[in-house]
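Architecture at a glance
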Amino acid sequence: MADNVLPDEDTLLLREPATHFEPRADSGYVGLDNQSATCYMNSLIQTLFMTPDLRTALFGLTDEELGVEFLGEDDGPAQHDIDALTAMGFPESGVIKALTKHPGDREAAMEWLFTYDASQDPDSGKTKPKSKGKAWKVPIALRLLFAQLQKLDQKSVSTVNLTDSFGWSQNAVSVQHDVHELNRVLIDALDKSLQTTKAKSLCASLYKGSHATRIMCMECGYISERKEEYFDLSCPVQGVDNLVDSLAELCQYETLYGPNQYRCSTCSKKVDAVRSTRLKTMPPILTLCLSRFFYNRVTQKRQKITKKFAYPLSIDLGPLLDTGDFSTNAKQAYEAWKVRREEEMKKERERKAEEEKKRKKREEENRGLPYNGNMQAAIRAKDRAAIKILMKAKKEKQRKIVEQEKQAEAEAAGVPTENTEATQKSKAATKESLKDEIKKEIKKRETLMKSVVQEGSKHIYDLKAVIIHQGTAYRGHYHAYIVSEDGKQWLNFDDSRVTEIPTATLAQQYSGANENAYMLIYRLRGTGDVQPKLPEHLDKEIAEANSKMKPRRERYVTLINRVSLFLHRDTMFEVAEDGFLTTISSQTSNAIKLDVDRRTPVLKVKQMIQDKLKLQELPILSIMLRPEGIDGLQCGKDLEDGKLTLELSGVSNNQSNILVWNGKSINGKPFVPDPDIGKFIFEAIYYQIDDEPKPLRLAVPPGCNFEKLAEVLNKKVGLPNDHSKIMYHLMYQGADPMIMELQKYKTNLVRDTGVMSKGVVLGIELNTGQGSEGSVTNTYFTQSKDKLELKIINNTVKSKPYKTIEIIKSGTLALVKTKIRKTFNKEDIPEKFCLRHMLGPNKPGAIFKDEKGNLEILGITEQGTALLVEPESMELKSEEISILYSITKGKNKFADRIPLTVHLTTTIGELKTQILESQKLKNVRENMAVFYTKGDPQLEHVGAYGKGKMITDEKRTVQDAGLINRGSVWVSDTKRKLDGSTNLNVYLYTDYQLNTVEAFQGARELLKKQINDGGEGDQSLMVIEEEEVQLPYGGNMEKAMRLRDRAAIKILMNHRKQAKSKPAEKKTSELKAIFEMPFQCNLSLFDLKCAIQYHPSGLIPKESLRKMRIYLLNSNLTLGSVVRSDASSLISQGVIGDMDIAVQILPFEEVGLCTNAIAVKLSRCCPALGAEKEALIMLKTKAKPVGEKKVEEEQARKRVKVEEEIEPSFLAVFGPNPPPLILLDTEMSSKAERTPYNPWSNIKEITPQIAKNLSATTKLPKSIREAFLGELKLTELKFPPMEVEGKALSLEDLSRYIVALSGIPQKSIGLLKWFHQGQRWHVLSKDLEKRLPGGDVQGEGKKTSESLADFPFSIKDGDFIAFVDRREFKGCETEEGFERLAASLGSRKFISTRKMHVHSDDIQKFAPREEILKIHI
């Protein structure tokens, strides 16, 4: 057995939580492990455990009643798996068979179901056979857990067995749920599980109560009654201060009047009525949930109420019982309500009278003002002098109001307004008063609410448990306060920790910004006095586990205290010129491992090392560290005190590097350790006016700020000890160089400034008041930012293998090699060599391949990047690439970014084998897969970011999988089958605004006819943007009320009223999850369309195959790129793993596509008609914002100016968008010459190939496959007339295509393109280059082309193209007139919804299964 491999039993032991090896807490109670986010469950389970009669009942059940004997037997497929697959449209008989063949593997079952034909199955339609017996897993697991909590001698126990009995997966325990919801679900599951046992009424007898809701008509006296049962009650928190008031509110008498009147069945009309809910029966255990969470419709967010809510230790619930005469009580409540109502109405009348007085007073004040203070009248009269006087009066009035409010506030607080000495005394008194108030509040928070009980009552309930929520409405933590079984001590159950708390601590949970009581459990006084006794077999099982605990604890303590020391002899190092240690390359793996107990004294360890290494005298031991900014291991502090243990001496890590030496020399050379080792070390440059820049290596202690840094620099280079006299710049010298002056403030230098970041250097100079722009640092940085400093490592040179070279950032790898040859001696560098990227000290990366590639493209952008010179034998061949790999299995990481050379024809399966064998891990090949790494595969550090998508088809070659030189892969364990299939989440995308060009043109012709006939035109046929509404104070009603701006308040009130009465807008688009399906990515897009068309769910309309368009969905479920080539594989089009795709059914048949096609948005531009013209002028004029100082005269003047500037004939609108138009660009990026690409050129050859693919994968039933091939044979090749053999798509081709599409004559067609750079439309013509911003300057150095994809047209995915019938616009017959039209079509009339990646306003996602709280019984 290898030294570093533990026996299996020791490995399992170390995987258990440490609390399993600690004895019970001093409180005598046991905690529960938190699996990930199960604190809510732990709190609830502890409250159930502390219910003695529940424990007694469960302990009293026999194994026969619970079906323990059937635990080992298969219950058949899980019901939730059956429900999930039948919901997708598969027949239940087939689903049961599939899950029986593939137990627990829903994906494999789904694949089998694609081949299943219910008509050929003799068992189809039969019900699922009943098993001989059933194990009730929930009560079995709960009984065992309660036994462990009662007798097991551990600090905490595991709940894995319980969650397994719930049917929860690992993902399910990682999602936190509401404890109130779990209480209902668990009690329901337990109740159902016990129905075949003698304890079938257990849950009802403990938790179930009933209440009755009655409504009494106040005219005829008719009483309606509805009875309901409950297992818990929800108590309102908002508007009440304590539990007594909350329960009273639940059972209060409520009057139904006005719009809420009750419709009496006897009177046959709406009448005043009184409603009340009263408790009929109450259970022995009353569970109360406080309604602290609610959904705020204004903020559209869930919120938590944290206000104070007190609850007593004991409460008398007798007054809530339904004991009195409801009829009499209701009449009394109604009479009392009428009295209150009359008082409220009287107050309302008084309030209105007061408002009338104020109104008359204002009128009196305004009589001396022009127009009696009426601003609107002054505006209408265009009386500028009056407007000025009224504005001044309004300001003066507002100033007085503010002063009055301040004075009133000061008087209310008792603060004098004039006497300064009195004011100071008053402030001091107020401060003392505030302190007293705080003390009172603290004392108040620690004071328990007095119990509300009536002597002799039979309905007194005592508080037994409080479940507490700590956190916000979206996340948090649960724990529970529970009273001990004898009722003398309160305990805090917080997962694995159980601690005693004073009773007064309960009051701290009345309120708090973060932590509050959420559930209260009360018990009827005089019940539950039973002593639960374990069944004999469980008692024996727990006793046996306790007897094994002592040796387990001893072994665990030994294991956790074992530390591996890696002993490094001084002969493995040499002292470099800079005084630091460097490892001798031939000694890199000669460290000797020694396993010791960390509790061993240092002196004894020295003796052990002396014996092991056969040394003549006791060695000096020094801890070795890897400081930031220094390569390799360095000598740290010595282990001097021989009496101290290793742990107390600082050796606490599981793996520690120790230098074994004599304390004086390293490998025969005198050596003194750097005292800064262990500090934070970073690079800096000291810039001086009269001297060369001086590189510095600064070592600072943790928590260092600029003041302490000034002290370090004073000792290091003699700079002033005052940090204000030093200037600091942070310089980033990577791909995008940046310099920034650092402000000097008291902050953590290492943590908050970024000096430790890769590629960052701190520039330091004396502050002479020259400013950042004129600083020496800035001058040097500007001169050197285009240069790159590389560290070259040449191991053939033994004396000094490291050298640095400077090279321009735009240089190539070939230039780097030339520089290296000039830097090293000719005899020290081979004639031919290659370069390897170094990830870190002694951490080789991948080999570079492309010598002509730009350094930035190759990823060489950081200053100080290290490159290793490798011999010619390591150079990559044309068909080879160098990649990095990482290996993990479970939580174990076996390799981290190891370089490997592979052939492009190597399959993914062969690559996996090669990687695992290189690390001698061939025995773990099963259930291992190859994953892409996260991030950009060209950056070598991405391997540290974790695994990305899995490569499911191991028969694919490295080249087909898209791996590139210096790319990264991740080999890790998986539960997926490696058959090349991927899971696709299929959504149906519906665009309700979808329209064809033909339909839009028809609507315009109809609208034109209506207007020509003298009508106004159908509003629904017009293209009018809604007028932008600008509200006073930005719509802030509170601000308007605070400033008493009645005009603004009135406008805001009207706007709210209109918004409420406005009909709801119709949704414009919808994205709906329809089904999930496995699919082979090596099949074509047309295969996928057929599989979707013939899916057994039948959710896709018939005969949609040729009208189907497939989109890839982005991570935020917005539409991404179109999957374009029907004949190409999905892999080649970006479908490389589990993905979300959207299916859109177009109103027309799709054309045959190719992979390099361009998708553009095409719209028709038409003259504005009728009301459209007015709307466009309004948009240009812009309505006057309310509340601003603009008069109607100025607005009218602006309108006249706009109307003069705009040519009426140039007012234009754009039609609704059709789906993206696919333009077949014939340019192939892999070839120098342009060649046409017709994916359906030889249908006879393609058909057998697709048939072969389908047969090989057997993903589709035979009947579907035959129908699919029939579709292929009938396919009529449809290509737009723009495709020209041997040429790229030109402007003439596009023009001819649109002529065919719209019916506009060739000579009258006009094409426009929206250019984002200039935010305007440009005419697409051959002289476009000259009309672009900058003229010929923009195209300088660019070769023009006739291809629409090239300069100057530069049409790419997502661009917007509009076409115009120039005959419709007066003056557009000439090129000059058409250009004027394009210039007048401003961005305001550019429809903002025209985005290639669009959000759907209605998205129905797939239900996240693991987030639905459910217990499977």
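Residues numbered from 1 in each chain as written. Predicted model: local features only at pLDDT ≥ 70, side-chain atom pairs only at ≥ 80, totals over all residues. Heavy atoms only, no water.

When helices and strands are tallied, the protein shows 35 helices and 54 strands. When each of the 1417 residues of the protein is scored for burial, the buried share is 44%. Across the protein, the fraction of contacts at a sequence separation of at least 24, relative to all contacts at a separation of at least 6, is 70%. If you sum the accessible surface of the protein, you get close to 76,000 Å²; carbon and sulfur atoms cover 50% of it. (Helix = DSSP H or I, 4+ residues; strand = E, 2+ residues; numbered from the N terminus. Buried < 20%, exposed > 50% of the residue type's maximum accessible area, 1.4 Å probe, protein only. Contact = heavy atoms within 4.5 Å. Areas by Shrake-Rupley, 256 points an atom, 1.4 Å probe, with all protein chains shown as cover.)

Looking now at helix 35 (residues 1375-1384). Taken residue by residue, helix 35 has Gly 1377, Phe 1378, Glu 1379, Leu 1381 and Ala 1382 as its buried positions. The inward-facing, buried residues of helix 35 contact strand 51 (1309-1315), strand 52 (1320-1323), helix 34 (1328-1331) and strand 53 (1360-1365).

In this section: the pairing of strand 9 (residues 273-281). Two strands pair when backbone bridges link them, and strand 3 (residues 209-217) and strand 9 are joined in this way by eight bridges, in the antiparallel orientation. Following the sheet pairing, Ser 210 is matched in strand 9 by Thr 281. (Pairing = 2+ DSSP bridges.)

A few words now on the pairing of strand 42 (residues 968-973). Burial analysis of strand 42 places five of its six residues in the buried class, which makes it a mostly covered element. Both strand 38 (residues 880-889) and strand 42 contribute to a ladder of four bridges, which runs parallel. Bridge pairing links Ser 886 to Trp 970 in strand 42. Judged from the five bridges that link them, strand 40 (residues 928-933) and strand 42 form a sheet pairing that is antiparallel. When the bridges of strand 42 are listed, Tyr 932 appears paired with Val 969.

Side chains that carry opposite charge are capable of pairing whenever their charged atoms lie near each other. Scanning the entire structure with this criterion turns up 37 salt bridges. Two residues, Arg 55 and Glu 485, come together in a salt bridge whose shortest N-O distance is 2.6 Å. Of this pair, Arg 55 sits in helix 3 (residues 52-59) while Glu 485 is found in the loop between strand 15 (476-483) and strand 16 (490-494), placing the two residues 430 residues apart along the sequence. By relative accessible area, Arg 55 is classed as buried at 2%. A single network of salt bridges, built from pairs that share partners, joins Arg 214, Glu 225, Lys 280 and Asp 322. (Salt bridge = Lys/Arg side-chain N within 4 Å of Asp/Glu carboxyl O.)

Across all of its chains, the model carries 14 aromatic pairs by this definition. Summarising the aromatic geometry, the rings of Trp 661 and Phe 671 are spaced 5.9 Å apart at their centres and angled 65 degrees between planes, so their arrangement reads as edge-to-face. You can see Trp 661 sitting in strand 25 (residues 655-661) and its partner Phe 671 sitting in the loop between strand 27 (669-670) and strand 28 (680-688), a full ten residues away along the chain. In this structure Trp 661 comes out as buried when scored by relative accessible area, which is 4%. An aromatic cluster is built from Tyr 257, Tyr 334 and Trp 337, whose rings are joined through pairwise contacts. Lying over the aromatic face of Phe 326, Arg 214 brings its terminal NZ or CZ to 5.7 Å of the ring centre. One residue, Lys 803, lies across the ring of Phe 824, its end atom 5.1 Å from the ring centre. (Phe/Tyr/Trp six-rings, centres within 6.5 Å; stacked < 30°, edge-to-face > 60°. Lys NZ or Arg CZ within 6 Å of the ring centre and 35° of its normal.)

Our focus in this paragraph is the packing of helix 17 (residues 536-547) against helix 18 (residues 549-560). With their axes 5 Å apart at the nearest point, helix 17 and helix 18 run at an angle of 40 degrees to one another. Contact residues: Ala 545, Asn 546 and Ser 547 in helix 17; Met 549, Lys 550 and Pro 551 in helix 18. Split by residue class, the contact of helix 17 with helix 18 holds three nonpolar, two polar and one charged. (Axes fitted to C-alpha atoms, helices over the stretch in contact; angles between N-to-C directions. Nonpolar A, V, L, I, M, F, W, Y, C, P; charged D, E, K, R; others polar.)

Our next topic: the sheet that holds strand 33 (residues 787-793). Within a beta sheet, neighbouring strands are joined by backbone hydrogen bonds and run either parallel or antiparallel to one another. Spatial ordering of the open sheet is given by 34-33-37-35-36, a layout of five strands whose pairing is mixed. Of all the strands in the sheet, just strand 34 (802-808) and strand 36 (843-847) have a single pairing partner and so form its edges. For this sheet, the mean inter-axis angle between neighbouring strands, taken without regard to orientation, is 40 degrees. Two strands pair when backbone bridges link them, and strand 35 (residues 833-840) and strand 36 are joined in this way by three bridges, in the antiparallel orientation. Within strand 36, the residue paired with Met 838 across the bridge is Pro 844.

Take the side chain of His 479 next. Looking at where His 479 falls in the secondary structure, it is placed in strand 15. A distance of 2.4 Å separates the side chain of His 479 from the side chain of Glu 515, its partner in a polar contact. Residues contacting His 479, with those up to four places away along its chain left out, are Ser 43, Val 466, Ile 467, Ile 468, Gln 470, Asn 492, Phe 493, Asp 494 and Glu 515. (Polar contact = N/O pair within 3.5 Å; in protein donor to acceptor, adjacent residues only side chain to side chain.)

Read across the open sheet, the four strands follow the order 4-3-9-6; overall the sheet is antiparallel. Strands at the two margins of the open sheet, each flanked by one partner only, are strand 4 (223-230) and strand 6 (254-256). Taking each pair of neighbouring strands and ignoring which way they run, the sheet shows an average axis angle of 25 degrees. Where strand 3 meets strand 4, eight bridges bridge the pair, whose relative direction is antiparallel. By the bridge assignment for strand 4, Thr 213 is matched with Arg 226. Relative to strand 3, helix 13 (residues 326-366) is tilted by about 60 degrees, and along the sheet it contacts strand 3, strand 4, strand 6 and strand 9.

Residue-level pLDDT values for the protein average 77, and 74% of them are 70 or greater. Confidence drops under pLDDT 50 across residues 1275-1286; counting only partners more than four residues distant or on other chains, this segment forms 28 contacts. For the stretch residues 1335-1341, pLDDT sits under 50, and the model shows ten contacts to residues farther than four places along the chain or on other chains. (pLDDT = per-residue confidence, 0-100.)

This part takes up the environment of Met 282. With respect to the element layout, Met 282 can be found in the loop between strand 9 and strand 10 (285-291). For Met 282 and His 211, which are 71 residues apart along the polypeptide, the C-alpha to C-alpha distance reads 8.6 Å. Contacts of Met 282, omitting those with residues within four sequence positions, involve Tyr 230, Leu 317, Leu 321, His 459 and Tyr 461.

Here we take up unusual backbone geometry. One non-glycine residue, Lys 614, lies in positive phi territory at about 55 degrees. Positionally, Lys 614 belongs in the loop between helix 19 (602-613) and strand 23 (620-625). You can call Lys 614 exposed: its relative accessible area is 75%. Residue Arg 966 is not a glycine yet carries a positive backbone phi of 65 degrees. Position of Arg 966 among the secondary structure elements: in the loop between strand 41 (947-951) and strand 42.

Within the secondary structure, Gln 1080 is located in strand 44 (residues 1069-1080). Taking relative accessible area as the criterion, Gln 1080 reaches 7% and is therefore assigned buried. Taking the C-alpha atoms as reference, Gln 1080 lies 9.2 Å from Ile 1131; in sequence the two are 51 residues apart.

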